[in-house]
Amino acid sequence: MVAVVLPLQEQWLPLSNLDLLLPPVDVGVFFCYKKPEALGDNMSFGSMVSVLKKAMAQALVSYSAFVGEVVPNNVGEPELVCNNRGVDFVEAYADVELRNLDLHNPDESIEGKLVPKKTYGVLTVQATELRCGGLVVACTFDHRIADAYSANMFLVSWAEIARSRSISVVPFFGRSLLNPRRPGCMDPTLDHMYMPISSLPPRKQHHQTTDHLLSRIYYITAEQLDDLQSLACSNGYKRTKLESFSAFLWKMIALLAAKDNFEITKMGIVVDGRARLGEGDKDKASLMSSYFGNVLSIPFGGQRVNELIEKPLSWVANQVHDFLDQAVTKEHFLGLIDWVEAHRPKPALAKIYSNGSDDGPAFVVSSGQRFPVSKVDFGWGFPVFGSYHFPWEGDAGYVMPMPSPAREGDWVVYMHLFKRQLELIETEASNVFRPLIFYYLDSLAPNSN
């Protein structure tokens, strides 16, 4: 157990309206380090764990939300009590060498082994010594308390303190930044994107009861991403790499949906609202850039399967851009905050989370391009690999592309999709989605020690 190094006065932190849109799910993240040869025998597993614990105890002074507990208030809504309960810290040993970890198949190599299960509190950490002397550092945190942006801030601060540096970003917890307006103002389209949990239809069986969600990790080269972006741009319209990648993946998902006789498939893309909510107010923009909590929206689109297959990638990318366009505004996020307020205390969530219809498959893409894999250096070098790990149990798939630590411009892509979808992708798009193997990481990674 690791607690704050200084005495901490108990305080209650209400969840914001945007926090309340998250169901009680945990998110994992892990980093793999080679044995720190340059530091000699002075850096044993025990000494590395000591560095991690000492730095964490100091980092938690600023990130006290991670040493609290989520409890229901008098109307049943979750709240955070920052009581310095502490962070569960697990020390483990795995009889496997880093180069033999099957990173392509995290269900077998990572889940429940290297990424810890969180039983209590908000954050659990595990440090695992590998047979070769390498190290895996992993965290599991409550998504209701932190989004990936917030977790990234903590990870970087933790690593900075471990290297005896001051933290570069001090987190801001002021919930007043996300207060609803009086009176509220909501766009009717929000009723299309979000719904009270009580209105959810019953969960449907997937097309084949033998099919189930799996996690896989791939890499995509910078050249392939450039090619996809080139194909996605047409008639002078510039599309981002994320829009181009998402459009391509949507076409792949549609191929299997057609074989299963589905007419429609849906895709959502996670949008971070920090920059949008800070527009037009320099002081608020500065505070939002360090805001700790959830500031997310998940717009989605539904398209006919035959159109996704038959139309060119540029047409699909235009559909992605159009449904994203409605959610990349300040007014969208202000309206979403008001929408939640109008429905409280009834819990609500994004409709795309629950694909509760027989229309066809759904999945969510969440950009992890801010994933700070190159900054999580605790003093024994940069990680040779890092990834989020989010094997949720919803009806929709989840995909997160992140920067590759091995080669600038390449992406590492965590995919949590149905088995048959992954099989089709590996068959139809093997030139784009390449299974992540250690040779790729080791042969291209810069010398970081």
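Source: prediction; values computed, not measured. (Residues numbered from 1 in each chain as written. Predicted model: local features only at pLDDT ≥ 70, side-chain atom pairs only at ≥ 80, totals over all residues. Heavy atoms only, no water.)

Focus: the overall build of the protein
How we decide: Under the scheme used here, helices are H or I runs from DSSP no shorter than 4 residues and strands are E runs no shorter than 2 residues, and both carry numbers assigned from the N terminus. Two things to know: the radius of gyration comes from C-alpha atoms, and the globule rule equals 2.2 Å times the number of residues to the power 0.38. We call a residue buried when its accessible area falls under 20% of the maximum for its residue type, exposed when it is over 50%, and partly exposed in between, using a 1.4 Å probe and counting protein chains only. Here, residues are in contact when the closest pair of their heavy atoms is within 4.5 Å. Where accessible areas are quoted, they stem from the Shrake-Rupley method and a 1.4 Å probe; at the residue level, only the protein chains shown are allowed to cover.
On a plain count of helices and strands, the protein comes out with 13 helices and 19 strands. The C-alpha radius of gyration of the protein comes to 22 Å, within 12% of the 22 Å expected for a compact globule of 449 residues. Counting only C-alpha atoms, the protein reaches 60 × 55 × 45 Å along its principal axes. Per-residue burial for the protein yields a buried fraction of 57% across its 449 residues. Pairs at least 24 residues apart make up 80% of the contacts formed inside the protein by residues separated by at least 6 positions. For the protein, the accessible area works out to roughly 18900 Å², and carbon and sulfur atoms hold 50% of it.

Structural notes on the pattern of salt bridges
Operational definition: One speaks of a salt bridge when a side-chain nitrogen belonging to Lys or Arg is within 4 Å of a carboxyl oxygen belonging to Asp or Glu.
Evaluated as defined, the whole model comprises 24 salt bridges. For the salt bridge of Arg144 with Asp142, the shortest nitrogen-to-oxygen distance reads 2.8 Å. Given the relative accessible area of 2%, Asp142 is considered buried. The residue Glu263 makes a salt bridge to Arg304 at a minimum N-O spacing of 3.8 Å.

Considerations on the packing of aromatic side chains
Put simply, the rule is: To pair, rings of Phe, Tyr and Trp, with the six-membered ring standing in for Trp, must have centres within 6.5 Å; the planes then decide the type, stacked if under 30 degrees apart, edge-to-face if over 60, and tilted in the middle.
If you walk through the whole model with that rule in mind, you get 25 aromatic pairs. Arranged with centres 5.0 Å apart and planes meeting at 65°, the rings of Phe66 and Phe154 form a pair that is edge-to-face. A residue pair is termed long-range when its members are at least 10 positions apart, and Phe66 in the loop between helix H1 (45-62) and strand E3 (69-72) and Phe154 in helix H3 (residues 148-162) qualify at 88 residues. What makes Phe154 buried here is its relative accessible area of 2%. Aromatic side chains Tyr218 and Phe433 sit 5.9 Å apart centroid to centroid with 80° between the ring planes, which places their arrangement in the edge-to-face category. Separated by 215 residues along the polypeptide, Tyr218 in strand E9 (residues 213-220) and Phe433 in the loop between helix H12 (419-428) and strand E19 (434-435) bring together distant segments of the chain. By relative accessible area, which is 0% here, Tyr218 ends up buried. For Phe433, a relative accessible area of 1% puts it in the buried group. By the ring-pair criterion, three or more aromatic residues cluster together here, those being Tyr33, Tyr63, Phe66, Phe141, Phe154, Trp158, Phe173, Phe292, Phe378 and Trp380.

Focus: the nonpolar core
To keep things clear, this is the line we draw: For our purposes a nonpolar core is just a set of buried Ala, Val, Leu, Ile, Met, Phe, Trp, Tyr and Cys residues, chained together by side-chain atoms within 4.5 Å.
By size, the foremost hydrophobic cluster in this structure holds 151 residues, and its most contacted members are Phe30, Phe66, Trp158, Phe378, Phe385, Met415 and Phe433. It is helix H6 (residues 241-259) that provides the largest number of residues to this core, a total of ten residues. In contact with Phe66, not counting residues within four places along its chain, are Leu60, Gly86, Val87, Val122, Leu123, Phe141, Ala146, Phe154 and Phe292.

With respect to the side chain of Thr124
For Thr124, the location among the structural elements is in strand E6 (residues 123-130). Among all residues touching Thr124, those that are not within four sequence positions of it are Val87, Asp88, Pro116, Lys117, Lys118, Thr119, Ala138, Cys139 and Thr140.

Side note on the sheet that holds E19
Our working definition: For two strands to count as paired, DSSP must find a minimum of two bridges between them. Axis definition: a line fitted to C-alpha atoms, over the contacting stretch in the case of helices. Angles run 0 to 180 degrees between N-to-C directions.
Read from one edge to the other, the open sheet built from seven strands follows the order E13-E10-E15-E17-E18-E9-E19, with strand pairing classed as mixed. For this open sheet the edge positions go to strand E13 (300-304) and E19, each flanked by a neighbour on one side alone. Sheet topology note: the strand E10 (residues 264-269)/strand E15 (residues 362-365) ladder contains four bridges and is parallel. Directly across from Ile269, in E15, lies its bridge partner Val365. Packing against the sheet, H6 makes contact with E9, E10, E13, E15, strand E17 (397-403) and strand E18 (411-418), and its axis sits at approximately 155° to E10.

Side note on the sheet that holds E3
Strand pairing in a sheet relies on backbone hydrogen bonds, with the paired strands running either antiparallel or parallel. Spatial ordering of the open sheet is given by E1-E4-E3, a layout of three strands whose pairing is antiparallel. Edge strands, defined here as strands with exactly one partner in the open sheet, are strand E1 (11-14) and E3. Going from strand to strand, the sheet's axes swing by 35° on average, the running direction of each strand aside. Here E3 pairs with strand E4 (residues 78-82) via four bridges, running antiparallel. Within the sheet, the bridge partner assigned to Val71 lies in E4 and is Glu79.

Details of H12
Restricting attention to buried positions, one finds in H12 the residues Arg420, Gln421, Leu422, Leu424 and Ile425. For H12, the elements touching its buried residues are E9, H6 and E18.

Comments concerning the state of the cysteines
Condition: Cysteine sulfur atoms that pair up within 2.5 Å are treated as a disulfide.
The final tally for this structure, using the stated rule, is zero disulfides. The cysteine Cys32 is free of any disulfide, with Cys132 supplying the nearest cysteine sulfur at 9.9 Å.

A look at the side chain of Ser404
Relative to the helices and strands, Ser404 is located in the loop between E17 and E18. By relative accessible area, Ser404 is classed as buried at 10%. What Ser404 contacts, discounting residues up to four positions off in sequence, is Asp410, Trp411, Val412 and Tyr440.

Things to note about unusual backbone geometry
Across the junction of Arg182 and Pro183, the peptide omega takes the value -5°, indicating a cis bond. With respect to the helices and strands, the residue Pro183 is situated in the loop between H3 and helix H4 (190-193). Cis rather than trans, the peptide bond between Arg344 and Pro345 has omega equal to 5°. Following the sequence through the fold, Pro345 ends up in the loop between helix H11 (330-343) and strand E14 (348-350).

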